Amino acid sequence: MKLSELSTDQALDALCELTPYVSNIVSDEAMVGVVGKVIEGAETLNVFGKALVLAERIGEIVPVLLKTHRPDIYGILSVVNQKEQKEIAAQPAAETIRQVRELFGDRDLLNFFASYTRQGKTEPSAPSAASPVLE
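Being a predicted model, the structure only gives us computed values, none of them experimental.

Asks: Which residues make up the environment of D108, and what are the values?
Replies: Here D108 shows up in helix α7 (residues 107-114). Looking at D108, the relative accessible area reads 42%, which means it is partly exposed. Note: C-alpha distance between D108 and S4 (104 residues apart in sequence) is 6.8 Å.

Asks: Explain a nonpolar patch on the surface residue by residue, including any values.
Replies: Together, L54, I58, V62 and L66 line one region of the surface with nonpolar side chains, adding up to about 330 Å² of accessible area. Position of V62 among the secondary structure elements: in helix α3 (residues 47-68). Residue classification places V62 among the partly exposed residues on the basis of a relative accessible area of 37%.

Asks: How would you summarise the nonpolar core if you had to cite specific residues and measurements?
Replies: By size, the foremost hydrophobic cluster in this structure holds 20 residues, and its most contacted members are L3, L18, I76, V80, L103, L109 and F113. Elements that contribute at least two residues to this core include exactly α1 (8-26), α2 (29-35), α4 (70-81) and α7. If you tally residues by element for this core, the top one is α1, at 6 residues. In contact with L103, not counting residues within four places along its chain, are I76, L77, V80, L109 and L110.

Asks: An account of the side chain of D72 is needed here, citing residue identities and associated values.
Replies: Position of D72 among the secondary structure elements: in helix α4. Buried charge D72 goes without a salt bridge, the closest partner of opposite sign being R70 at 11 Å. At a separation of 2.8 Å, a polar atom in the side chain of D72 contacts the side chain of H69. Each residue touching D72, except ones within four places of it in the same chain, is listed here: Y21, N24 and I25.

Asks: Could you give an account of the packing of α1 against α7, naming the residues involved and the relevant values?
Replies: Contact geometry of α1 with α7 gives a least axis separation of 12 Å together with a crossing angle of 60°. Between α1 and α7, the angle is such that the two are oblique. The two elements α1 and α7 cross, and the hand of that crossing is right-handed. Touching L15, L18, T19 and V22 of α1 are L109, F112 and F113, all from α7. In the contact of α1 with α7, the residues fall into 6 nonpolar, 1 polar and no charged.

Asks: How would you sum up the packing of α4 against helix α6 (residues 93-104)? Please name residues and give values.
Replies: The N-to-C vectors of α4 and α6 enclose an angle of 75°; their axes lie 11 Å apart at closest approach. Taken together, the axis directions place α4 and α6 in an arrangement best described as roughly perpendicular. Residues I76, L77, V80 and N81 of α4 touch α6, and the partners they reach there are T96, Q99, V100 and L103. The class makeup of the residues in the contact of α4 with α6 is 5 nonpolar, 3 polar and no charged.

The rules behind the values
Residues numbered from 1 in each chain as written. Predicted model: local features only at pLDDT ≥ 70, side-chain atom pairs only at ≥ 80, totals over all residues. Heavy atoms only, no water. Helix = DSSP H or I, 4+ residues; strand = E, 2+ residues; numbered from the N terminus. Buried < 20%, exposed > 50% of the residue type's maximum accessible area, 1.4 Å probe, protein only. Patch = residues over 30% accessible without salt bridge, like charges linked within 9 Å, V, L, I, M, F, W, Y side chains within 5 Å. Areas by Shrake-Rupley, 256 points an atom, 1.4 Å probe, with all protein chains shown as cover. Salt bridge = Lys/Arg side-chain N within 4 Å of Asp/Glu carboxyl O. Core = buried A, V, L, I, M, F, W, Y, C linked by side-chain atoms within 4.5 Å. Contact = heavy atoms within 4.5 Å. Lys, Arg positive; Asp, Glu negative; His and termini not counted. Polar contact = N/O pair within 3.5 Å; in protein donor to acceptor, adjacent residues only side chain to side chain. Axes fitted to C-alpha atoms, helices over the stretch in contact; angles between N-to-C directions. Parallel < 35°, antiparallel > 145°, perpendicular 65-115°, else oblique. Left-handed = near helix turned anticlockwise from the far one by under 90°. Nonpolar A, V, L, I, M, F, W, Y, C, P; charged D, E, K, R; others polar.

In structure tokens, the structure reads:
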């Protein structure tokens, strides 16, 4: 289920429930180390080289994620799909994979969490117009 398909109250409750699980994953030093690893020379790779690097990176991320953060993954899927974690653990793997794909396709949910990541300070592209509400 997508965040946008929930009522506002349901979505806000879901975000409150999701936050600890997401925080556990993104604050894990092992996960940050694998995901944040700089790839030297990646800018000179062609599309096939980049695909191989991506496959290698996924090969490093998946074991950390699924061994260390399986309860967090089940928690996230249970909140989003409004199921118990035991149901998520017992369901067919194909259903879990479908749910994960749907989760990563939920732009509203991903944008919510991405909006809180650290971003470098950038110069505005153009001066902002005054808000008519504040005038």
